Amino acid sequence: DIVLTHTPLSLSVTPGQPASISCKSSQSLLHSDGRTYLYWYLQKPGQSPQILLYEVSNRFSGVSDRFSGSGSGTDFTLKISRVEAEDVGVYYCLQGLSLPYTFGQGTKVDIK
Amino acid sequence: QVQLQQWGAGLLKPSETLSLTCGVYGGSFSAFYWTWIRQSPGKGLEWIGDVFHTGSTKYNPSLRSRVTISVDTSRRQFSLELTSVTAADTAIYYCAGVPGKAPDYWGQGTLVTVSS
């Protein structure tokens, strides 16, 4: 199975400040079709996960442009340009390259 | 907009069969892979498997021997069965709709506890 590793595991951020989360894959997520199947989710307290970004950097409908994604191959980053109170929760990356699809262990973000 | 509503028993004894169903409201039923994912403190988020409207399925190899995911297109529902449950199967189970590779839509989650 592909293993995804988050860094850091927790993050405390002052409102208005940026935040960055890393997700490293045990193997490249670049498919032969040229697409990279790496996704980002946010699970707010008491809620189901919600998709933020698909295929590394594409924002899902309705997602704030404060969220951006970058990376290639095995190294990926989610950035929040200015953290707001509503951004608290656990962020997960997910790989859709090969079965079984796997999630990272998550990064918990809270507000200082 | 797709909405998912799931239901099923939340308390099981060891060796029993877990059974959950998810209803799909809105959207094109044939456009998604209908997926089950579970979340536990020990294993985090774990992809269980999915079913297409044709009935074609994919399963996590770690669970394949115990899992069946089925679909009822006429009712716009899909179901999960997991046999011979143990305490290790205690988790929140989510149904989800996947248009490509990753879930865009999630059910509300069902806490399933396995305890004697």
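Whatever comes next refers back to the structure up there.
Residues numbered from 1 in each chain as written. Chains lettered and ligands numbered in written order. Predicted model: local features only at pLDDT ≥ 70, side-chain atom pairs only at ≥ 80, totals over all residues. Heavy atoms only, no water.

Caption draft 1: Structural view of the overall build of chain B. Within chain B, the regular secondary structure consists of zero helices and 11 strands. Traced from its N-terminal end to its C-terminal end, chain B shows the element sequence β-β-β-β-β-β-β-β-β-β-β. Computed over C-alpha atoms, the radius of gyration of chain B comes to 13 Å, within 12% of the 13 Å expected from 2.2 N^0.38 for 116 residues, which places it in the range of a compact globule. Each principal axis of the C-alpha distribution contributes one length, and for chain B these read about 40 × 25 × 25 Å. Within chain B, buried positions represent 47% of all 116 residues. Of the contacts formed within chain B by residues at least 6 apart in sequence, a portion of 51% connects residues at least 24 apart. Chain B carries 9 positive and 7 negative side-chain charges, and their two centres are separated by 3 Å. (Helix = DSSP H or I, 4+ residues; strand = E, 2+ residues; numbered from the N terminus. Rg over C-alpha atoms; globule rule 2.2 N^0.38 Å. Buried < 20%, exposed > 50% of the residue type's maximum accessible area, 1.4 Å probe, protein only. Contact = heavy atoms within 4.5 Å. Lys, Arg positive; Asp, Glu negative; His and termini not counted. Charge placed at Lys NZ, Arg CZ, Asp CG, Glu CD.)

Caption draft 2: Seen up close, the overall build of chain A. The helix and strand tally for chain A stands at zero helices and 11 strands. A compact globule built from 112 residues should have a C-alpha radius of gyration of about 13 Å, and chain A, at 13 Å, falls within 12% of that. Along the first, second and third principal axes, the C-alpha atoms of chain A reach 40 × 25 × 25 Å. Going through the 112 residues of chain A one by one, you find that 46% of them count as buried.

Caption draft 3: Seen up close, empty space enclosed by the protein. Residue and element names in this part refer to chain B. Within this structure, the stated rule accounts for one cavity of 30 Å³ or more. Counting residues per element, the ones that place at least two in the lining of the largest cavity are β4 (33-40) and β5 (44-51). In the lining of the largest cavity, the residues fall into eight nonpolar, one polar and two charged. (1 Å grid on protein atoms, 1.4 Å probe; cavity = no way out; pocket = protein on both sides within 12 Å on 5 of 7 lines; lining within 4 Å. Points joined across faces, edges and corners; volume = space filled by probe spheres on them. Nonpolar A, V, L, I, M, F, W, Y, C, P; charged D, E, K, R; others polar.)

Caption draft 4: Summary view of the side chain of Ser25(A). All names here are of chain A. By the secondary structure assignment, Ser 25 is in strand β3 (residues 19-25). Relative accessible area serves as the criterion here: at 10%, Ser 25 is assigned to the buried category. Here Gln 27 takes part through its backbone oxygen, which lies 2.5 Å from a polar atom of the side chain of Ser 25. Once residues within four sequence positions are removed from consideration, Ser 25 is found in contact with Ile 2, Val 3, Leu 4 and Thr 74. (Polar contact = N/O pair within 3.5 Å; in protein donor to acceptor, adjacent residues only side chain to side chain.)

Caption draft 5: Summary view of the pairing of strand β11 (residues 107-111) of chain A. Note: strand β2 (residues 10-13) of chain A against β11(A), four bridges, orientation parallel. Pairing of Val13(A) across the sheet is with Ile111(A), part of β11(A). (Pairing = 2+ DSSP bridges.)

Caption draft 6: View of the packing of aromatic side chains. With the rule as written, the count across this model stands at 12 aromatic pairs over all chains. Taken together, a centroid distance of 5.9 Å and an interplanar angle of 65° make the contact between Phe32(B) and Tyr105(B) edge-to-face. Of this pair, Phe32(B) sits in the loop between β3 (18-25) and β4 while Tyr105(B) sits in strand β10 (residues 105-106), and the two are 73 residues apart along the sequence. On the basis of relative accessible area, Tyr105(B) is assigned to the buried category, the value being 17%. Directly above the ring of Tyr37(A) sits Lys101(B), whose terminal nitrogen or CZ lies 5.1 Å from the centroid. (Phe/Tyr/Trp six-rings, centres within 6.5 Å; stacked < 30°, edge-to-face > 60°. Lys NZ or Arg CZ within 6 Å of the ring centre and 35° of its normal.)

Caption draft 7: Looking closely at the interface of chain A and chain B. Of the residues lining the interface, 16 residues belong to chain A; the matching set on chain B comes to 18 residues. For the pair chain A and chain B, the two sides together bury roughly 1500 Å², of which 65% comes from carbon and sulfur. The tally of links from chain A across to chain B stands at zero salt bridges. At the junction of chain A and chain B, the tally comes to six residue pairs in polar contact (both at pLDDT 80 or more). Every element with two or more residues in the side of chain A that touches chain B is listed here: β4 (38-43) and β9 (89-95) of chain A. (Buried area = accessible area lost by both parts, 1.4 Å probe. Salt bridge = Lys/Arg side-chain N within 4 Å of Asp/Glu carboxyl O.)

Caption draft 8: Quick peek at the state of the cysteines. Counted by the stated rule, this structure contains two disulfides over all chains. Here Cys23(A) engages in a disulfide with Cys93(A); their sulfurs sit 2.0 Å apart. With the S-S dihedral at roughly 75°, the linkage between Cys23(A) and Cys93(A) falls on the right-handed side. Separated by 70 residues along the polypeptide, Cys23(A) in strand β3 and Cys93(A) in strand β9 bring together distant segments of the chain. Like Cys23(A), the residue Cys93(A) is buried in the burial classification. Between the sulfur atoms of Cys22(B) and its disulfide partner Cys95(B) the distance amounts to 2.1 Å. A torsion of 55° about the S-S bond marks the disulfide between Cys22(B) and Cys95(B) as right-handed. Pair noted here: Cys22(B) is in strand β3 and Cys95(B) is in strand β9 (residues 91-98), with a separation of 73 residues, a long-range link. Side by side, Cys22(B) and Cys95(B) carry an identical accessibility label, which is buried. (Disulfide = S-S within 2.5 Å.)

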